Structure formats: structure tokens, C-alpha cells
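A look at the structure
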Amino acid sequence: MPLLFNDGPDAIERQNEAVSEEQRSSEISATPVKHFDAVVIGAGFSGLYMLYRLRELGLSTRVYEAGAGVGGTWYWNRYPGARCDSPSVHYSYSFSPELEQEWEWTEKYPRQPEILRYLNHVADRFDLRRDIQLNTRVLSIIYNEASNLWMIKTDQGDQVSARYCITAAGCLSTPNTPKFPGLASFQGQVYHTGQWPHEGVDFTGKRVGVIGTGSTGIQVIPQIAKQAAHVTVFQRTPNYSLPARNRPLTPEEKASVKANYPQLRQTDRESAAGFTITRNEQSALEVTAEERQKKFEEVWAIGGFQVLASFSDIGINLESNTYMADFVRAKIGETVHNPEVARLLMPHDHPIGTKRICIDTGYYETYNRENVSLVDVRTSPIEEITPTGLRTKDAEYELDALVCATGFDAMTGALFNMEIRGKNGQLLKEKWADGPRTYLGVMTAGFPNLFIITGPGSPSVLSNMTVSIEQHVEWIGDCVQYMREHHCSSIEAEVAAEDAWVAHVNEVANFTLFPRANSWYLGANIPGKPRVFMPYVGGVGNYRIKCQEVADKGYEGFCLMTYD
Ligand SMILES: Cc1cc2nc3c(=O)[nH]c(=O)nc-3n(C[C@H](O)[C@H](O)[C@H](O)COP(=O)(O)OP(=O)(O)OC[C@H]3O[C@@H](n4cnc5c(N)ncnc54)[C@H](O)[C@@H]3O)c2cc1C
């Protein structure tokens, strides 16, 4: 008895009645007490915009958010130094020209509190909070075939049904803390950067151990070093880090951006990475050694992701990549005074850019401080956390606090934390046991009307994510609108289309150097996770065209069921 949209209060009434009847005859034992047209999981950039969009379409929507506030990543990651690596004016919503004009970014790369303020402003400005239930974790999303509804249960006892379920649960929202033996015995404080205490942490006079030197470790270490008595960094894999060259935006820059937002956004949407980068179309092999060096110095002076665009083939040609990697290693050598420490900080086991490239402010310089030491846990692995510190194969370190900058169970972690069951009771985690399978990264066969924002198989974490998020939200909104106009009760990815897309995602990834690194893009940071390259490397602009083509062809590759 599908009735999809709220044409008015009567329709809501009728729909709820219809749903209750369906649930009575359903296999689900618990009776939902409420029905929504759509349920959205997560209230970060994705969830907030999805709610806005669904409201525009007239759908009754409930957003569930595990945190006590909105903001997602920027609500949870409050560690000192937390900052965005995408330029602020690109890392923001484009859907509202009024919002663009009224919001003033202060720095080139915004700090976490500024982004969190922005997202709270968005929630207030568009009156989003009334449909967001905070402090509520979704435990299960189970598809009921008889009613063609999703049954959602939360840890607060909510049991609701929804025609559409949209996961906006984040690609990097499930913190990963390796199972170090003895961790529970540690008598000091243990922190994960992705769950940082809201009241902040005072490290004054403390001996602090930091485990992990990825993007987060590289941001947090210089800040803790300024406060703590001593910081011991436990590094397994050195990562390449590029200078941010962060600075306040000038009044002229702010005015210019505001005057040019439409063009800036359009360029972002059509770009490869979701923000404007000046690409050099030359190969690094086409030029002399002197010209190459000059170019590398030029981009190094600009800083940020621009460095990787120095030549056209850094991401696909190992020889070109090695020139760039050698340049960065030389910079590390010039910056770090102690040659042995510099050597340990130089990455050698992966091409530059094939793991999430880090962007820093004073990271390498931090190792010139008296109160910072580096321990290579690749040659001397961590054996256990003791009540008073940490023991490696070769030494014991006395610590008062331990900071795990150990990242996330990326892209699938938040999905697998929920019991998501589609047709025939199939568990998503089981369907994806050998790696995620999606069509366009937004839907997966066997799970009708379940949309995944920035899911595996879409550009997501390889892009400036706000651009990818907006594109997904708008595509999903348009799809729902299309279903309304064409009297469709469900949409589902076809297996053949999904298989072809998975093959394409792999093919494109294998054309690049990405698969050569043991990165979290491949799930390599999580023991037992299948080694599959998850994000789509084909570029934001190309991907958008593909998604639009699919929609223009009446959602080619999807099976749509009508209720007439
Ligand atoms: C430290 C850090 C720095 C980053 N820097 C950049 C950057 O420079 N550029 C860039 O483009 N991206 C960056 N990212 C990626 C960032 O995650 C995205 O840009 C963006 O914030 C994602 O928004 P989202 O709404 O999709 O997910 P999130 O912001 O992760 O929000 C997801 C929300 O879902 C909630 N949730 C998850 N599961 C459940 C559940 N079962 N029930 C209820 N709620 C649930 C979570 O609590 C979370 O609040 C960074 C990420 C991190 C962690």
C-alpha cells in the first residue's frame, strides 16, 4: 500500500494508518510507533543538507545523530590543531547564495571551531533542528519487503518506519583504536583524536605519547609539543606532509570570492578534486632536471594540495612520482636538524599522494624541539601498554597520557556498525564481505530505497567533500522527485550495473599509483578488512557527468517499481 508523499495533513494521516496496517502483518515483531517519508542517519555536512533538500520536496523527515550536537566530523574532532585541508571558501555549501554572502571565513584553511560554528549557523538559519534527534544512535535498518518500508531502531528505543533511508553517517566517523595489549591497564589518560573531550585537555607538565603520524597526528603533534613536558611520537609509517602556508584571508580576497562564488562553485563541480587547482599539463619527464626543481620549489612555496599538481603525471607515473617524492624527502632533510630523525621521517614505502597526503603547519620543525622524540615502531613494534607507559620491543617509555591519532575505519565502518538488512534479510556487511559493491557509490543491489551519501565507489574522500556531498544530496533529491512524478514506490540498483561499476572503479584505480600503498583507502589500516580500493578515482567532474547521464536516461541501471 505505497503512499509516498505528504500532500497535506490528511495524506500523512492516511499514510500512517496504512503503515500501521502493514506493520501488523509484517515479520518485524516490534510495532513502529511513527512513520516518516525519510530517515537520515547523521547530522554532519551530509545529513544537514539532505534534511534541507527533503523538506523542500515536502517529505516528512527525521534525522538521527549519535552526537550531542550537529556538525559530524567537526563536532567530534576537537583535538588541538584540528583544521581542514581544503580551502575554506571551497569547503562550504553552495546551495544558498544568501548563506555564501553572509558567512565570512577568516582563514585560508579553517580551524575546527570555525567550521563547527558554520554548521551550527546552517542548522539555525534553515531551522533544521526541529527534525534532528540528537544523542540517538541508529542500531538497525531493516527492510520489510511486504510493506516496502525500512524499519529503523535506535539506542533510545525509537522504532520508526520510513520509505527512504539515507545514510549520512560519514566516511571518517568510526574511530579506530588498535587493540594494544594492556591498554586497559594504563593509569594515565587515553584519548582518541576523533573523540576529543569537549572541555579540552591540559597537557602542561605531562609526558605524552602520540601514536600515529597520519593527517591527524601531523596536526596534533606540533600543538601538544607546545604545551607538554615531553612528547614521544610512535611512528609506524612516515607520511608525506606538505606545508599548508595557512594565513588569514585579506578583505580583498573575501570580497573577490563573494563576488565570484557562482564561477568558483562551477569550476569546483567540474574539477577533478572538487576545488580549483592550477594544473600543469606537462609531464615531469618532459622537462630538464633544473626546470623540474624550479617547478617543485614554486608549488612548495604555494603549499597545500597544489604541490601534487606540479606535473600532470605525478599520480600515474612512478618515475615522475619519484622525482616529487625525492624533492619532499630533501625538504624533510633540510628542515629536521637531527639526520637520524630526518631519515626516519622520510617516507619510502609508497609513492607520494597514494596515501592521504598530509598538510601541516610546522610539523617537521617540531622534531627540532628538545621536548619531542620519535620512536620507529616499524623496527621496534609496540608490545604492550603498561600501567605507567608503553613498551616496545626495545625500550620502555614512561607516560602520563596517551593520544591515539590512529584514524578511522574508513568508508564502511559507520555502515557496518549498524545492522543493515535488505531483501531476504541480507546483511550489508555480509554482502560486502569481500569489499563494498555499489552502483555509482550511492546504492547497492538488494537494498531498495537505501541511499548512501559519499559511499564507496564515489569520489568522496578523494575529493573536497562538500562538493561531493552536495552532488549526492542533489542527485538523491532529484531521484526522489522523479519517483514522485513517475509514481514509483522503489528504486534499486541492478546487479549488472553494479558489477560493471565496481569493475570500472577498480579499473580506474589500477590505472593510477594508488593501489601501491597500504592506505586506509584500501582498508589496510583495519586488520581483516578486504583489500579493495574504495573511493572512485575518476574525478568529481567526470563522476557528476556519469550520474547525470544515468538520471537523464530514466535512472539507467536502476530498477524502478511503480505502484499504479
Ligand atoms: C580530522 C578530519 C579532517 C578532515 N579534513 C577534510 C578536508 O580537509 N577536506 C575534506 O573534504 N574533508 C575532510 N574530512 C572529511 C570529512 O569527514 C568530510 O569533509 C565531511 O565533514 C563529512 O561529512 P558527513 O556529514 O558526510 O559525515 P560526518 O561529518 O562524519 O558526519 C556523520 C555523522 O553521522 C553520525 N553517525 C554515524 N553513525 C551513526 C548512527 N548509527 N546513528 C546516528 N548517528 C550516526 C556521526 O556521529 C556523525 O556525526 C576530514 C575528516 C576528518 C576526520
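The sections below set out a description of the structure shown in this document. (Residues numbered from 1 in each chain as written. Predicted model: local features only at pLDDT ≥ 70, side-chain atom pairs only at ≥ 80, totals over all residues. Heavy atoms only, no water.)

Regarding the overall build of the chain
As a reminder, the rule being used: Helix numbers and strand numbers start at the N terminus; a helix is a DSSP run of H or I with at least 4 residues, a strand a run of E with at least 2. C-alpha atoms define the radius of gyration, and 2.2 Å times the number of residues to the power 0.38 defines the globule rule. Burial classification: accessible surface area is computed with a 1.4 Å probe over protein chains only, and a residue below 20% of its type maximum counts as buried, one above 50% as exposed, and the rest as partly exposed. Surface exposure here means Shrake-Rupley accessible area, sampled with a 1.4 Å probe, where a residue is shielded only by the protein chains that are shown. We treat Lys and Arg as the positive residues and Asp and Glu as the negative residues; His and chain ends play no part in the count. Lys charges are placed at NZ, Arg charges at CZ, Asp charges at CG and Glu charges at CD.
Each helix and strand counted, the chain has 16 helices and 20 strands in total. Relative to the 2.2 N^0.38 estimate, which gives 24 Å for 564 residues, the radius of gyration of the chain is 24 Å and therefore close to what a compact globule would have. For the C-alpha atoms alone, the extent of the chain along its principal axes is close to 75 × 55 × 45 Å. Going through the 564 residues of the chain one by one, you find that 59% of them count as buried. Counting only carbon and sulfur atoms, one obtains 50% of the accessible surface of the chain, whose full area is about 23000 Å². Charge-centre separation for the chain: the mean point of 53 positive side chains lies 3 Å from the mean point of 68 negative side chains.

Some remarks on the pairing of strand E12 (residues 372-376)
Operational definition: Two strands qualify as a pair provided DSSP detects at least 2 bridges between them.
Among the 5 residues in E12, 4 count as buried, and that is most of the element. Two strands pair when backbone bridges link them, and strand E9 (residues 230-235) and E12 are joined in this way by 5 bridges, in the parallel orientation. Bridged to Phe234 within E12 is Val375.

Points about the site of the ligand
Filter applied, for reference: To be near a molecule or strand, a residue needs just one of its heavy atoms within 4 Å of it. Definition of a polar contact: a pair of N or O atoms within 3.5 Å, with one able to donate and the other able to accept a hydrogen when the atoms are protein atoms, and with sequence-neighbouring residues admitted only if both atoms are side-chain atoms.
Neighbouring the ligand are 33 residues, the closest being Ser46, Thr73, Asp85, Tyr91 and Met465. Trp74 places a polar side-chain atom, nitrogen or oxygen, 3.5 Å from an oxygen atom of the ligand. Note that an oxygen atom of the ligand is positioned 3.1 Å from one of the side-chain N or O atoms of Trp76. Taken by itself the ligand offers 970 Å² of open surface, and the protein chains cover 96% of this. Those elements that place two or more of their residues in the shell around the ligand are helix H2 (45-56), helix H3 (73-76) and helix H14 (465-485).

Overview of H14
Where we set the bar: Any helix carries an expected span of 1.5 Å times its number of residues minus one.
Here H14 is 21 residues long and its end C-alpha atoms lie 30 Å apart, about the 30 Å a rise of 1.5 Å per residue gives. Within H14, 15 of the 21 residues are buried, which leaves the element mostly enclosed by the surrounding structure. Count one or two residues on from H14 and you reach His487, which has phi positive near 55°.

A closer look at the sheet that holds strand E13 (residues 382-386)
Note the threshold: Helix axes use the C-alpha atoms of the stretch in contact, all axes being lines fitted to C-alpha atoms, and the angles between their N-to-C directions lie in the range 0 to 180 degrees.
Taken together, 3 strands build an open sheet; the order of strands is E13-E14-E15 and the sheet is antiparallel. Strands at the two margins of the open sheet, each flanked by one partner only, are E13 and strand E15 (396-398). Ignoring strand direction, the axes of neighbouring strands in this sheet form an average angle of 15°. Pairing analysis gives 4 bridges linking E13 to strand E14 (residues 389-392), with the strands arranged antiparallel. Looking at the pairing, Glu384 lines up with Arg391 of E14.

Observations concerning the environment of Ser489
Structurally, the position occupied by Ser489 is in strand E19 (residues 488-493). Among the residues examined, Ser489 registers a relative accessible area of 7% and is labelled buried. In this structure the C-alpha to C-alpha distance between Ser489 and Pro448, which are 41 residues apart in sequence, comes to 9.5 Å.

Things to note about unusual backbone geometry
For Asn135, which is not glycine, the phi torsion reads 55° and is therefore positive. Take Asn135: it is sitting in the loop between strand E3 (132-133) and strand E4 (138-144). Despite not being glycine, Ser460 shows a phi value in the positive range, around 25°. You can see Ser460 is positioned in the loop between strand E18 (450-452) and H14. Judged by relative accessible area, which is 0%, Ser460 ranks as buried.

A word on helix H16 (residues 540-552)
A turn of α-helix holds 3.6 residues, and therefore any two residues three or four places apart point the same way. Worth spelling out the cut-off: In this analysis, two residues are considered to be in contact whenever any of their non-hydrogen atoms come within 4.5 Å of each other.
Taking 1.5 Å of rise per residue, the 13 residues of H16 would be expected to cover 18 Å, and the 18 Å separating its terminal C-alpha atoms lies within 8% of that figure. Residues Val540, Gly541, Tyr543, Cys547, Val550 and Ala551 constitute the buried set of H16. Where H16 is buried, its residues meet helix H7 (251-270), H14, helix H15 (495-511) and strand E20 (558-562). Immediately beyond the C-terminal end of H16, within one or two residues, lies Gly554, with a positive phi of roughly 70°.

Notes on the sheet that holds strand E8 (residues 207-211)
Strand pairs in the sheet, formed through backbone hydrogen bonds, run parallel or antiparallel to each other. What the 5 strands build is an open sheet, ordered E7-E16-E8-E9-E12; its pairing is parallel. Bordering the open sheet on either side are strand E7 (189-192) and E12, each of which pairs with just one other strand. Strand after strand, the sheet turns through a mean of 20° between neighbouring axes, direction not considered. Strands E8, E9, E12 and strand E16 (401-404) of the sheet are contacted by helix H6 (residues 215-225), whose axis makes an angle of about 175° with E8.

Notes on the packing of H7 against H16
Heads up, the condition is: Here the word oblique covers every angle except those under 35 degrees (roughly parallel), over 145 (roughly antiparallel) and from 65 to 115 (roughly perpendicular). Residues were grouped as follows: Ala, Val, Leu, Ile, Met, Phe, Trp, Tyr, Cys and Pro as nonpolar; Asp, Glu, Lys and Arg as charged; and all remaining residues, including Gly, as polar.
Two elements in contact, H7 and H16, have axes whose closest approach is 6 Å; the angle formed by their N-to-C orientations is 80°. Of the possible angle classes, the one that applies to H7 and H16 is roughly perpendicular. Counting all contacts with H7, which are made through Asp268, Arg269 and Glu270, the residues of H16 involved are Val540, Gly541 and Arg544. By residue class, the composition of the contact of H7 with H16 is 1 nonpolar, 1 polar and 4 charged.

Digging into the environment of Glu498
Along the chain, Glu498 turns up in helix H15. Look at Glu498 and you get buried, because its relative accessible area is 2%. Not counting the four nearest positions on each side in its chain, Glu498 is found in contact with Lys431, Arg437, Thr438, Tyr439, Met443, Thr444, Ala445 and Ala493. A polar side-chain atom of Glu498 sits 2.6 Å from the main-chain amide nitrogen of Ala445.

Here we look at the packing of aromatic side chains
Quick note on the threshold: Side-chain rings of Phe, Tyr and Trp, where Trp is taken by its six-membered ring, are said to pair if the distance between their centres is within 6.5 Å; with planes under 30 degrees apart they count as stacked, over 60 as edge-to-face, and otherwise as tilted. A ring is scored as having a charge over it whenever the NZ atom of a lysine or the CZ atom of an arginine sits within 6 Å of its centre and within 35 degrees of its normal.
Using the criterion set out here, one finds 41 aromatic pairs in the structure. Measuring from centroid to centroid gives 5.0 Å for Tyr52 and Phe126, while their planes differ by 75°, and the two rings are edge-to-face. Within this pair, whereas Tyr52 is found in helix H2, its partner Phe126 is found in the loop between helix H5 (112-125) and E3, the two being separated by 74 residues in sequence. Side by side, Tyr52 and Phe126 carry an identical accessibility label, which is buried. With a centroid separation of 5.7 Å and an interplanar angle of 45°, the aromatic rings of Trp475 and Phe558 are classed as tilted. Of this pair, Trp475 sits in helix H14 while Phe558 sits in strand E20, and the two are 83 residues apart along the sequence. Given a relative accessible area of 5%, Phe558 falls into the buried group. An aromatic cluster of at least three residues, connected via ring pairs, comprises Phe45, Tyr49, Tyr52, Trp74, Tyr91, Tyr93, Phe95, Trp103, Trp105, Tyr118 and Phe126. Across the ring face of Tyr75, the terminal group of Arg78 is positioned such that the distance to the ring centre comes to 4.9 Å.

Topic: the pattern of salt bridges
To keep it simple, the criterion reads: The salt bridge criterion pairs a side-chain nitrogen of Lys or Arg with a carboxyl oxygen of Asp or Glu, the two atoms within 4 Å.
Taken as a whole and judged by the stated rule, the model has 27 salt bridges. Among the ionic pairs, Asp124 bridges to Arg129, the shortest N-O distance being 2.6 Å. Across the pair Arg421 and Glu419 runs a salt bridge whose closest N-O atoms are separated by 2.7 Å.

Without other data, these values stay purely geometric and don't point to any function.
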